[in-house]
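Breakdown of the fold
Take a look at the letters that make up each chain.
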Amino acid sequence: MHITMVKKRLADGQPCEKCAQAEEMLVRRGLWERIDEVLWAIEGDPTSPGAILAEAHGLAVAPFFVVRDTEGEERVLTSALRLVRDCLSDSPETGPRTDSSQSLDVSELARRFSDAAPEDIVRWGIEQYGQECAIALRGGEEVVLIDMATRMGLPFSVFSVDTGRLDEETYTLFDTVQRRYGVTVHILFPDAHQVEELVQQKGPNCFLTDGHEECCRVRRLGPLKHGLKRYQAWMTGRWANAQPAGQAPVAVEIDPVYQGARGQLLRLNPLVNFGHERVWHYIRQNDVPYNELFDRGYTRIGCQPCTRATGGVHGEREVRWWWERPKPTGSLHETGDGI
């Protein structure tokens, strides 16, 4: 395997910031020596070697990597994290460092991280589990976690559930996150046969008369349950003020509902020590992309028919499924699925 890295040199002679960060990450992980060749794309010089290679592959971004296998086949990657994950994962530093959450003292971890900064929880999770630690992107504040994880230069995964009823603004955010951070958002879809059967029997808006539970079970919880089985740990964007009634904030826990790749699934809630104001301070301070629906009075992102703007009210029943009568604690909407 032969790896060529193309870096961009600005007109003032300095490398672009993103290129420098990618190189720093590879050096820190002991992988820099596995880059066989570095070509510079010089700003304003289309004849520079890197610029020529970029044009040949139809790219206008840097850095990027051209990976050529022993058969001469080439693959182009625009993310250093993906290069590590897909091509350099045989390095012992890139894989998960523990086999199962069952070997951890979760109670001790919960105490250890009870007052921890979100970055500390995020770093611990991806250092322990690598790509088997996934951030659940719902379309809300979870982008903060992706921003933090990307800055650490360590492999991790991102997924979301597409129920088929999301707002266009949510799909736009998914695209923005992929371009901004160079990550793949793995989309989980509901079982097509189950959706078809539900719609044929009860209609597309049956939740308005029958309650949301069955629709959620088919469109949201089913694919989530199936998708989480590929991971050992997952992170949600739940923050302190968003806890369901009667639940104390917990930073680290064994998921009470879902199973993972090796049985028990570890759930991390890095923002649990944050409140609404601190979450949004981070978003604005770090120019983190967010769902445009927040600018229209939404405080929670869900399916389009079931979520509405409330202008600052965060209560579950004011935001989602407002047409239903309150149900006892422990019902489907309070299981803490986080997405």
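Note: the structure precedes this text.
Described below are features of the structure shown in this document. (Residues numbered from 1 in each chain as written. Predicted model: local features only at pLDDT ≥ 70, side-chain atom pairs only at ≥ 80, totals over all residues. Heavy atoms only, no water.)

**Description of helix 7 (residues 168-181)**
- End to end, helix 7 covers 20 Å across 14 residues, agreeing with the expected 20 Å (1.5 Å per residue, within 8%).
- Buried residues along helix 7 sit against helix 6 (143-152), strand 6 (157-161) and strand 7 (185-188). (Helix = DSSP H or I, 4+ residues; strand = E, 2+ residues; numbered from the N terminus. Expected span 1.5 Å × (residues − 1). Contact = heavy atoms within 4.5 Å.)

**Comments concerning the sheet that holds strand 4 (residues 74-77)**
- If you walk across this open sheet you meet the 4 strands as 2-1-3-4, and the pairing is mixed. Of all the strands in the sheet, just strand 2 (37-42) and strand 4 have a single pairing partner and so form its edges. The sheet shows a mean angle of 20 degrees between the axes of neighbouring strands, taken without regard to direction.
- Of the pairings in the sheet, the one linking strand 3 (residues 64-68) to strand 4 comprises 4 bridges and is antiparallel in character. (Pairing = 2+ DSSP bridges. Axes fitted to C-alpha atoms, helices over the stretch in contact; angles between N-to-C directions.)

**Examining the nonpolar core**
- Judged by nonpolar contacts, the single largest core of 64 residues is most densely connected at Leu 83, Ile 126, Phe 156 and Val 177.
- It is helix 6 that provides the largest number of residues to this core, a total of 7 residues.
- In this structure Ile 126 touches Cys 133, Ala 149, Met 152, Leu 154, Pro 155, Phe 156 and Met 235, once residues within four positions along its chain are discounted.
- Counting 12 residues, the second-largest nonpolar core is a separate cluster that includes Leu 188, Leu 228, Tyr 231 and Trp 234. (Core = buried A, V, L, I, M, F, W, Y, C linked by side-chain atoms within 4.5 Å. Buried < 20%, exposed > 50% of the residue type's maximum accessible area, 1.4 Å probe, protein only.)

**Considerations on the packing of aromatic side chains**
- What the rule picks out here adds up to 8 aromatic pairs.
- One aromatic cluster is present, built from ring pairs that chain together Phe 159, Tyr 231, Trp 234 and Tyr 258.
- The cationic tip of Arg 9 hangs over the ring face of Trp 40; the distance from NZ or CZ to the ring centre is 4.1 Å. (Phe/Tyr/Trp six-rings, centres within 6.5 Å; stacked < 30°, edge-to-face > 60°. Lys NZ or Arg CZ within 6 Å of the ring centre and 35° of its normal.)

**Overview of the pattern of salt bridges**
- A full pass over the atoms with the stated rule returns 14 salt bridges.
- Residues Glu 127 and Arg 123 are paired through a salt bridge, measuring 3.5 Å at the closest nitrogen-oxygen approach. On the criterion of helical spacing, the pair formed by Glu 127 and Arg 123 is a turn pair, its members being 4 residues apart in helix 5 (residues 118-129).
- With relative accessibility at 27%, the residue Glu 127 sits in the partly exposed group.
- A salt bridge links Arg 296 to Glu 292; the nearest nitrogen and oxygen atoms lie 3.6 Å apart.
- Residue Glu 292 is classed as partly exposed on the basis of its relative accessible area of 44%. (Salt bridge = Lys/Arg side-chain N within 4 Å of Asp/Glu carboxyl O.)

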